[in-house]
Structures are given as C-alpha cells and as structure tokens.
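One-letter residues, chain by chain:
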Amino acid sequence: ITLFGSLIYSSSSKADSDYYAIESIEGGFKVFSCVNNTGTCSEKASVTGLTGWNAGSSYVDKQNNLIIHAGDENYASKYYLYNPNTENISAINDWRDNYNWAKEWKIVTESNGTTSIGKNSLKLKETSNSQEMWATNSSGSIAPINITNGTKLLINGRDVEQSIDNVGALSAALTALPTVPTDSPIACGIGTGTHSGNYAFSGGCASKVNEKLSFNAAASILPGQDYQGKDNSYSARAGFVFKLGKIEKPNLMRFKEKKIIDQKISSLEKNNKKLKEKNDEIISQNKKLLARLEKLENIALKFQSDSQMISVTTKD
C-alpha cells in the first residue's frame, strides 16, 4: 500500500498495531493500522465528502484514539475519531483532551511527503536519491539543529567535530617541516601542531636534486582518539618543484663579486705595504741627508771662524 499524508505513532497495547497511517484519497481519507516489525498496514476506515485533512492538527489522544482534523467542501473544520477498539470512525465536535504531549510531540507526514516531529519540528523528506533533513520553529521558520549536552555527531562512526579539529592539527604539523633547502643537498625535520585541543606530530624531508629539480615529502599522525574512525589518523604530502627558464644564480654572483673585491683589497694592501716601505726608505735617506748637512754646516762655521782669525793677524 502506498501511503500519503501522516504516520502518527500511537501507544496502543495491541500487539497487531504499532502506529496509524492516513492516506489522502479523492474527497477524503483512509485510516490504516500498521505494525513495525512487519511494515504491513491494514485499512480500517475511510471518510469521503471532504476537501482534505490537516496533518498539523491531527494527533493521538491519551485513550489511543486517532483524532483527524479535516475540512468539508465549504472549508469548514471537521473532526473525526477513529476508535481502535471498535475499529470505527465517527464525526465529532471540535474536541481536544488535555493530553498535551500527544499534540506537541506527534509525528506526522504532510501531503508533500515531509515528515514532521514535534511542534518545533525536525523535518524529514525522502527524495529519489537522498534523505533530506532540516528544522523549523513553532512559527514554521527555519531553525538550526544544535547537537548539545555532550552528544557527539557521528558519520560512519567518526566524530564530525573531532574530525574538523584533526584536520587543523594535521595541517599545522605539516607546516612545521622543511620545504626546499637552499644551502644543503637534503634537509629533514620533525614538528608538531595543534588545533582546538587536538594535536598531531609530523616528520619529513626535502632534497635539492639539482639546480632545476627539488623534491619534498612529509607525513603527520594523530594519537588514538575515541570515535576517530578509520583512515582519519594521518595526513601526508609529497611534491616536486621544477624550475623553468634560465637559472639565475644570485649566490654565485655574490661569490664572484666578493672574490673580485677580495682581490682588489689584497692588491691595495700590497700597494700600501710597498708605499710604506718606500716612505720608510725616504725617511731614512732624509735623516742621512740631514745628518750630512748638519756636519757640513759645522765645518763651514768652523772654517769661517778660522779665516777671520788669520785675516786679523795678517793686518797686524
């Protein structure tokens, strides 16, 4: 049987009935009694001469009667009661009992195939290729679904929130490792990373194969966790770096420039040393010349003095 409309759970103690189902038909509806373990449903009663029924206002009361809210051809509200003991359906007045949880926590399926749970409803809808789920508040507006009180949301046994934190920790650990060395043929390292209280460890190496090709590989792992799931405890990366075009060698250029400068400095130092030696030689020669001049001056002065004395004696 294809059922449209509402699946309304009941608290019936009868072993052959676990919940009710309502099928929309032309100008009315049918009521079915269904069994969970077999999935079979049996038609119990039907009503015609109506424009339809209202899933949002239908519920199971505390006596396990099914109360169906419908509308007549003039769109006036009508209420029908299905009694599981007598298996009869009858029209009743606009009547509600005080068993509020039955109205607030009813499970109903609307005519478009959407199943609603509760007044602030969790919505479920099955399509041809997926099962959709969303939530609305009592006004029918979209509401968030909040997993609280320490309950973990698992997908295939994996904690979703923990998985997100694990990705951050694994990625952070990988960033602590070397990429491409510039001053050695190979470089290796270990590292660690953390994200939102989760932590990971990593290790890896990078190698400069030649001037145009470099290689690096690394992996990070997580310690054991509850609800970690399969294949969620490690992350890895590997890559090649290819340099295209002409290779500029700034380090080699600097080395050549430094070598030229060192040569010029060495040449200047040699020249300075030669100039100093030459200067010392000139100073030494000047000292010798000054000494000779001093001797000559002394001889000249002495000679001048002796000549005057001779001249005076001759005149006498």
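Residues numbered from 1 in each chain as written. Predicted model: local features only at pLDDT ≥ 70, side-chain atom pairs only at ≥ 80, totals over all residues. Heavy atoms only, no water.

This paragraph deals with the state of the cysteines. A full pass over the atoms with the stated rule returns 2 disulfides. A sulfur-sulfur separation of 2.0 Å characterises the disulfide bridge that pairs C34 with C41. One quick way to see it: the torsion about the S-S bond of C34 and C41 is about 110°, and its sign makes the bridge right-handed. Across the pair, C41 and C34 agree in class, each one buried. Ordering the disulfide-forming cysteines of the protein chain by sequence position, one finds them joined as 1-2, 3-4. (Disulfide = S-S within 2.5 Å. Buried < 20%, exposed > 50% of the residue type's maximum accessible area, 1.4 Å probe, protein only.)

The subject of this paragraph is the packing of aromatic side chains. Overall, the coordinates contain 5 aromatic pairs when judged by the stated rule. Considering the side-chain rings of F29 and Y80, the 6.0 Å spacing of their centres and the 75° angle between planes classify their relative orientation as edge-to-face. One end of the pair, F29, is in strand 3 (residues 28-34); the other, Y80, is in strand 7 (residues 77-83), and 51 residues separate them in sequence. Across the pair, Y80 and F29 agree in class, each one buried. The rings of F215, F240 and F242 are connected pair by pair, giving a single aromatic cluster. (Phe/Tyr/Trp six-rings, centres within 6.5 Å; stacked < 30°, edge-to-face > 60°. Helix = DSSP H or I, 4+ residues; strand = E, 2+ residues; numbered from the N terminus.)

A few words on the sheet that holds strand 15 (residues 186-195). Strand order across the open sheet formed by 4 strands is 15-16-17-18, with antiparallel pairing between neighbours. At either end of the open sheet lies a strand with only one pairing partner, and these are strand 15 and strand 18 (234-242). Shown here is a sheet whose adjacent strand axes are inclined to one another by a mean of 15°, direction ignored. One ladder, built from 8 bridges, connects strand 16 (residues 198-208) with strand 17 (residues 213-221); its direction is antiparallel. Residue pairing across strands places S207 opposite F215, the latter belonging to strand 17. (Pairing = 2+ DSSP bridges. Axes fitted to C-alpha atoms, helices over the stretch in contact; angles between N-to-C directions.)

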